[in-house]
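Inside the fold
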Amino acid sequence: MGGSQSTPAYVPPPEFDRPWRTMPWGRKDVLEQKLRDLSLNKPNVRFVRILVVGEVGAGKSSFINSVNNAFQGRITSGALVDGIGGTSFTKIYKTHYIEGKDGSPLPFVFNDIMGLEDKESGAHEQDVIKALRGFLQEGHKFNPASPLSPNDPGYRSNPSVEDQTFCLVNIIAADKVSLMQNGVFEKLKKIRQEATKLNMPQVIIMTRPDLACPKVKCDIRKIYTSRKIKEKMQECSNLLGIPMNHIFPVKNYHEEIDAVDDMDLLIFKALDQIVNIATDALKETLRNSDYQHE
Ligand SMILES: Nc1nc2c(ncn2[C@@H]2O[C@H](COP(=O)(O)OP(=O)(O)OP(=O)(O)O)[C@@H](O)[C@H]2O)c(=O)[nH]1
Ligand SMILES: [Mg+2]
């Protein structure tokens, strides 16, 4: 007796024998083309708007860049990304367009916002709620201390359909989901409740899967055989009350210097779902407004 007790080494849970969600690995072109061919077919609406929200450092800006990288086949940096961490790096409300092959923008756009933080820091949840309804002007600078009011210059009082959000994308980092502070969770919940009132579809993009599971770090194709990733997705689902079929793990571009087909495939798969439900919501809104004008 008397030997020193060492901490047992971390043993990752065993993988599933088969992927629990199928992915057409090696065939990203089909999904890419489908997304490139999307047309809204609405004369007065050029774009369907997608809003990304989440905790500071969750990977919101990286996700927007990753989507753009996947379409451009190279590394882009339209949404600046933090290399240090701490308080929110993104401070301005900005629309990100994705250029199609002929140089014109694709019919879906992303809005990046300042990250949410505990207590009085980070984006004010009332400002995010205003963004859902299109009340934030392009270039609005977030002020954590006081939300925008209708008399402020950054307030848009008459938003068009294009200014409104049609899909709320919650970005959650797989390696940080268990550490989310209560204040951030409460803000996310309020934003989600408001989106639900507006009949707005909601999904979760779970970023940084490589930091939650070493097997996925080595091989991204293990994403749907990794038990750890499924556990983390379930955690996200329980936290926000969003069903598993609206949760997509995505590895963002962060250290790569070239495009990677398997990363792009996960991005396109998530985006296909986002764009489908966003365009459905847009059409529903247009139908209701036609009905009201009849
Ligand atoms: N390993 C890894 N790192 C990632 C991934 N996604 C984002 N990151 C890193 O996470 C950090 C935060 O990413 P950002 O995109 O700046 O996060 P954000 O949500 O926009 O943050 P704020 O604007 O500060 O609220 C950066 O250092 C990224 O490189 C990922 O999938 N894997
Ligand atoms: Mg950012």
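Each remark here, short or long, concerns the structure printed above.
Below is a summary of the structure that appears in this document. In this text, all values refer to a predicted model and were calculated from it rather than measured experimentally. (Residues numbered from 1 in each chain as written. Chains lettered and ligands numbered in written order. Predicted model: local features only at pLDDT ≥ 70, side-chain atom pairs only at ≥ 80, totals over all residues. Heavy atoms only, no water.)

Counting buried residues in strand E4 (residues 165–173) gives nine out of nine residues, a clear majority hidden from the surface. In the sheet, strand E1 (residues 48–54) pairs with E4 via six bridges, with the strands oriented parallel. Note that in E4 the partner of Arg49 across the bridge is Thr165. For E4 and strand E5 (residues 202–207), the ladder comprises six bridges, and the chain directions are parallel. For Ala173, the partnering residue across the bridge sits in E5 and is Thr207. At this point the chain moves from E4, through helix H4 (residues 182–197), to the parallel E5, and the crossover so formed is right-handed. (Buried < 20%, exposed > 50% of the residue type's maximum accessible area, 1.4 Å probe, protein only. Helix = DSSP H or I, 4+ residues; strand = E, 2+ residues; numbered from the N terminus. Pairing = 2+ DSSP bridges. Right-handed = clockwise from strand over helix to strand, strands pointing away.)

A few words now on the coordination of the magnesium ion (ligand 2). The coordination sphere of the magnesium ion (ligand 2), as far as protein atoms go, consists of Ser61 (OG) and Thr90 (OG1), spread over 2.0 to 2.1 Å. With Ser61 in helix H2 (residues 60–72) and Thr90 in the loop between H2 and strand E2 (94–96), the pair connects residues that are 29 residues apart, well separated along the chain. In this structure, Ser61 and Thr90 share a single accessibility class: buried. (Donors = N, O, S within 2.8 Å, 3.2 Å for Na, K, Ca; no water.)

Let us now look at the layout of surface pockets. Estimated volume of the largest pocket: approximately 510 Å³. Forming the boundary of the largest pocket are 27 residues, of which Gly57, Gly59, Ser62, Asp82 and Arg208 lie nearest the centre. Put simply, the parts of the chain that give the lining of the largest pocket at least two residues each are H2 and helix H5 (209–212). A per-element tally of the lining of the largest pocket places H2 first, with three residues. Per-class residue counts for the lining of the largest pocket are eight nonpolar, 14 polar and five charged. Taken as a whole, the second largest pocket holds about 430 Å³ of empty space. At the level of secondary structure, the elements contributing two or more residues to the lining of the second largest pocket comprise helix H3 (125–133), E4 and helix H8 (261–293). Sort the elements by how many residues they give to the lining of the second largest pocket and H8 lands first, with five residues. Each residue belonging to the lining of the second largest pocket can be placed in one class, and the counts come to nine nonpolar, six polar and two charged. (1 Å grid on protein atoms, 1.4 Å probe; cavity = no way out; pocket = protein on both sides within 12 Å on 5 of 7 lines; lining within 4 Å. Points joined across faces, edges and corners; volume = space filled by probe spheres on them. Nonpolar A, V, L, I, M, F, W, Y, C, P; charged D, E, K, R; others polar.)

Our next topic: the packing of aromatic side chains. As enumerated under the stated definition, the model contains seven aromatic pairs in all. Ring geometry for Phe63 and Phe110: centres 6.3 Å apart, planes at 85°, overall edge-to-face. Of this pair, Phe63 sits in helix H2 while Phe110 sits in strand E3 (residues 108–112), and the two are 47 residues apart along the sequence. Taken as a pair, Phe63 and Phe110 share a single burial class, namely buried. On the numbers, 6.1 Å between centres and 45° between planes, the contact of Phe71 with Phe108 is tilted. (Phe/Tyr/Trp six-rings, centres within 6.5 Å; stacked < 30°, edge-to-face > 60°.)

This paragraph deals with the pattern of salt bridges. In the structure shown here, the tally under the stated rule is 16 salt bridges. A salt bridge links Arg156 to Asp163; the shortest N-O distance between them is 3.4 Å. Using a relative accessible area of 18% as the deciding quantity, one classes Arg156 as buried. Among the charged side chains, a network of salt bridges with common partners joins Lys28, Glu32, Arg36, Asp261 and Asp264. (Salt bridge = Lys/Arg side-chain N within 4 Å of Asp/Glu carboxyl O.)

This part takes up the site of ligand 1. For ligand 1, the set of nearby residues contains 20 residues, the closest of which are Lys60, Ser62, Asp82, Phe89 and Asp210. At 2.9 Å, a side-chain N or O of Thr90 approaches an oxygen atom of ligand 1. Contact between ligand 1 and Asp210: a nitrogen atom at 2.7 Å from a side-chain N or O atom of the residue. For ligand 1, whose unbound accessible area comes to 650 Å², protein coverage reaches 91%. Of all the cavities here, the one that holds ligand 1 is the largest pocket. Among the secondary structure elements, those contributing two or more residues to the shell around ligand 1 are H2 and H5. If one sorts the elements of the shell around ligand 1 by residue count, H2 sits on top with three residues. (Near = heavy atom within 4 Å. Polar contact = N/O pair within 3.5 Å; in protein donor to acceptor, adjacent residues only side chain to side chain. Areas by Shrake-Rupley, 256 points an atom, 1.4 Å probe, with all protein chains shown as cover. Sits in = over half its atoms within 2 Å of the grid points.)

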